[in-house]
Amino acid sequence: MKDLTNIKEFQNGNRIFTILPEEMATTPVSRKLCGNFIEVGFGYQVESMWTEMLFNRSFEKAVPIAKGTYDWFGGNDKGLGNNWTGEEWYHSAYQHNRWYAFPGKDRPESITGDASYLTPRTPGYGITLSQETGGIHGENCLIINNYDTRFAGIAQDGKFLRAGESYRFSGYFQKLAGESIQLEVCLYETANLDGEPLLQVTLPDIADEGTWLEVTLDPISYDGWATFALLVSGGSQILCDAFSLMPVHSAHGWRSDAVEAMKELHPSVLRFPGGNFGSFHNWMDAIGPKNTRRPEPSINWGDLNYNDVGTDEFLNLCEQVGAEPLLLVNMFHPSKEFYFLAFPEIKEWGGLQRHGYRLTHILDKEAGIETARKWVEYCNGSINTPMGKLRARNGHPEPYHVKYWEMDNETWRWFTKEEYAEYVRKYAEAMRSVDPDIQIGICSYHAFSEPIAELLELCGDSINFIADRMCEPFNIKRKIELLQEYNRTHKHQIYYTDTEALQNRDPALAPFTRTFYADHEIDFCKSRRTWIYALTMAGNLLHYERYGGLVQFMCFNNLCNTSGQSCIEVSKQESILTASGLLLKWMSRTAAAWPLEIDGYEADSLKSVEIQASWNLDRTELVIDFVNKCDQNTRVTLDFSRLGRSFSRFRTVRLSADDGDIQETIQSHGNIREEVHCGSFIIEGSQTFDIPAFSFTETILSSKLTEERKETIFYEKYN
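Just so we're clear, the structure is a prediction, and the values are computed from it rather than from any experiment. (Residues numbered from 1 in each chain as written. Predicted model: local features only at pLDDT ≥ 70, side-chain atom pairs only at ≥ 80, totals over all residues. Heavy atoms only, no water.)

S.K.: Explain the confidence of the model for the protein to me, please; I cannot follow it from the model alone.
M.R.: Low pLDDT marks stretches whose predicted atomic positions should not be read closely. Averaged over the protein, the pLDDT score is 93; the fraction of residues at 70 or greater is 96%. Predicted confidence for residues 341-345 stays below pLDDT 50, and this span has 12 contacts to residues more than four positions away or in other chains. pLDDT under 50 marks residues 711-719. Its contacts with residues more than four places away, or in other chains, come to 13 contacts. (pLDDT = per-residue confidence, 0-100. Contact = heavy atoms within 4.5 Å.)

S.K.: Explain the sheet that holds strand 26 (residues 609-615) to me, please; I cannot follow it from the model alone.
M.R.: Within the open sheet, the 9 strands sit side by side as 30-29-32-27-26-25-1-28-31. Their pairing is mixed. Looking at the sheet topology across the chains shown, the edges are occupied by strand 30 (673-680) and strand 31 (686-691). Recorded for the sheet is a direction-independent mean angle of 25° between the axes of neighbouring strands. In the sheet, strand 26 pairs with strand 27 (residues 622-628) via 7 bridges, with the strands oriented antiparallel. Its bridge partner lying in strand 27, glutamine 612 is registered against aspartate 625. Packing against the sheet, helix 12 (residues 531-545) makes contact with strand 25 (594-599), strand 26, strand 27, strand 29 (649-656) and strand 32 (695-702), and its axis sits at approximately 140° to strand 27. (Pairing = 2+ DSSP bridges. Helix = DSSP H or I, 4+ residues; strand = E, 2+ residues; numbered from the N terminus. Axes fitted to C-alpha atoms, helices over the stretch in contact; angles between N-to-C directions.)

S.K.: Explanation requested: the sheet that holds strand 13 (residues 236-247) in the structure shown.
M.R.: Within a beta sheet, neighbouring strands are joined by backbone hydrogen bonds and run either parallel or antiparallel to one another. What the 5 strands build is an open sheet, ordered 5-6-13-8-11; its pairing is antiparallel. Looking at strand neighbours, the two that pair on one side only are strand 5 (127-133) and strand 11 (211-217), the edges of this open sheet. Direction aside, the axes of adjacent strands within the sheet are offset by 30° on average. Inspection of the sheet shows strand 8 (residues 167-177) paired to strand 13 by 9 bridges, in the antiparallel sense. Pairing of phenylalanine 169 across the sheet is with leucine 245, part of strand 13.

S.K.: What exactly am I supposed to notice about the nonpolar core here?
M.R.: Inside soluble globular proteins, nonpolar side chains tend to come together where they are buried. Counting 150 residues, the largest nonpolar core has Trp405 and Phe640 as its most contacted members. If one sorts the elements of this core by residue count, helix 12 sits on top with 10 residues. The next biggest cluster of nonpolar side chains, apart from the first, holds 37 residues, and it includes Ile144, Ile181, Ile238 and Phe243. (Core = buried A, V, L, I, M, F, W, Y, C linked by side-chain atoms within 4.5 Å. Buried < 20%, exposed > 50% of the residue type's maximum accessible area, 1.4 Å probe, protein only.)

S.K.: Explanation requested: helix 4 (residues 311-321) in the structure shown.
M.R.: Each full turn of the α-helix corresponds to 3.6 residues, which orients residues three or four apart in the same direction. Counted residue by residue, helix 4 has 9 buried out of 11 residues, so it is predominantly covered. Where helix 4 is buried, its residues touch helix 3 (256-265), strand 14 (269-272), strand 17 (324-329), helix 5 (365-380) and helix 6 (386-393). Immediately downstream of helix 4, the backbone of glycine 322 shows phi near 75°, a positive value.

S.K.: What is the right way to look at the pairing of strand 19 (residues 439-443) in this model?
M.R.: A regular strand places its side chains on the two faces of the sheet in alternate fashion. With 5 of 5 residues buried, strand 19 is to be regarded as a mostly interior element. Of the pairings in the sheet, the one linking strand 18 (residues 404-407) to strand 19 comprises 3 bridges and is parallel in character. Bridge pairing in strand 19 places glutamate 406 opposite glycine 441. For the handedness criterion, the β-α-β arrangement of strand 18, helix 7 (residues 417-432) and strand 19 is classed as right-handed. For the crossover from strand 19 across helix 8 (residues 452-459) to strand 20 (residues 465-468), the handedness is right-handed. (Right-handed = clockwise from strand over helix to strand, strands pointing away.)

Have a look at this one:
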């Protein structure tokens with residue numbers, strides 16, 4: 001059988017590779033290389049990390065899940081269907097919990113295009129629920145008609161309570177009919193809805209003109225699944241809107257465990273709010289008091305986004321985890337009434353595709369420039385500017401100092417390259433009139449990949465980086481060479497980023513990996529969750545390192561959930577790092593700064609086994625990385641004599657698994673082994689290193705002069 005790996009290259013340690021003093025790049029590896037990406041309105045990222053516990057809290061009509069979402073999650077043609085609960089990536093954060101008439105019980109979950117997520121009646125009680133136009137938040141509200149003499153109302157399952165936690169409920173109520181209406185908020189053990197409530201609180205009286213009510217639910221000893229219920233006294237008709245149920249204690253509205261997982265992941269840059277979502281989003285709809293914000297459909301993906309998480313909440317999260325924000329600017333365009341306009345295959349697809357939503361507020365190209373300028377002012381302007389004053393009123397007097405701004409997403413859908421370049425220049429001028437130090441990036445992928453050199457000539461002096469989206473080594477090499485040529489011939493310097501990094505697909509896969517997927521019947525949807533996929537990402541990151549600081553950051557897609565294509569999985573019970581997350585946790589902390597040439601070894605991210613040696617930033621330590629994406633153990637012998645340096649200590653991190661299709665899921669985690677070791681390492685010329693199957697290893701070599709200080713930091717950081 002043909003060997004699909006490069007294992008023989010190392011001759012099981014019998015061949016010696018000499019590390020040379022020559023460095024691969026003229027600038028050091030970026031400390032921001034390992035970033036991440038949150039897309040609002042897609043994949044149940046924000047919904048799971050944010051502490052709001054009620055699904056469809058303002059009773060809006062359901063927005064159907066889009067075909068693109070089904071395709072990403074596994075595809076109807078592959079059996080995903082309308083019930084996701086049997087999928088290996090599924091957990092509690094994906095639930096679409098209905099509002100249902102209560103006393104009663106919910107039905108099994110079904111995610112369909114015509115779902116209302118409302119069960120309006122319950123047997124044995126004279127109660128009806130109806131979604132109506134009106135209310136004070138969004139387009140709809142809920143009318144409860146309790147014709148019965150007994151208390152009845154609405155309920156929603158899927159609340160995971162933590163013992164000792166207090167919860168705060170709030171909502172808008174208006175009396176439509178009835179006298180002396182009484183309202184009670186209850187929490188029931190979901191497995192015992194017929195029993196006594198775990199907690200029961202009476203709300204204050206409501207008025208004909210409408211009333212905001214809020215109550216704190218005291219801590220109880222129960223830890224587990226609960227059902228929220230609102231009970232209304234008999235003979236009553238009320239209007240309800242803008243409900244909210246959140247724990248009193250949180251990380252400024254974010255789940256504390258999710259924030260801790262993000263800190264462990266250590267993302268350098270966080271991109272927000274899209275993706276495709278960002279191309280239709282107006283940031284001004286997501287600031288200020290949450291119940292004054294404008295809910296909006298997630299046009300490309302389906303479902304409804306309440307905009308409870310907007311600019312301030314996102315930037316607060318960045319502050320908590322120590323990440324720099326990258327904000328995606330929606331460049332308004334009249335053709336955004338359509339999904340596609342300039343896509344090359346548009347004729348094959350039957351022409352323009354209208355999505356059917358009224359988006360008059362984002363269609364005026366010139367108005368978009370002013371909206372972007374105001375966003376920069378809101379984020380970075382002083383308190384003496386109009387938007388800075390607004391930011392202060394919303395709770396953040398100090399400027400956020402957002403540095404990175406990306407000029408929309410997949411702009412080739414609507415703009416020609418000439419039009420895009422023209423408006424990038426206009427936007428850049430307006431945005432820099434507020435803050436001249438911001439850095440602006442443009443799309444350089446898909447239909448704008450081939451003409452990127454033309455785009456650079458048209459607007460290169462207005463930008464700081466290109467935002468790419470393809471990890472294939474031949475694509476990266478071409479783009480880097482274009483940037484090097486542009487930077488050589490222009491006074492203005494531009495760097496490379498990948499702001500939505502999706503890892504390699506065929507043909508940009510190592511031959512063994514491609515065959516491994518085929519032999520194990522792993523399609524692209526499933527591959528994104530596997531350990532071999534994470535190891536492929538490690539190879540890509542080593543490739544980026546070889547270009548030094550010309551590659552500034554890579555935003556892995558995605559941060560959370562999205563059917564397992566993520567770095568963290570957040571269910572209602574817990575947060576964990578995935579296979580890719582565990583690997584990024586370590587690679588984001590690498591000390592590698594100056595990659596070195598290795599005599600006789602040609603670096604290639606499509607190899608199954610890769611090695612790389614680098615100095616740290618001050619060239620006092622040697623960092624050696626080993627990636628093995630195949631099922632065979634091997635060894636490599638490295639000669640250090642040309643470096644003119646002796647090493648006496650080592651610190652090693654190793655991640656490994658029993659097979660390439662291993663996953664880390666909410667249902668099963670701890671499958672990938674993490675090992676950390678420090679000790680003596682006497683090197684006399686050369687040393688042989690083990691490279692186990694399906695593993696990533698980073699070894700740092702140091703001398704006695706640095707060992708005590710470095711080892712103390714190492715243990716404090718990783719243990």
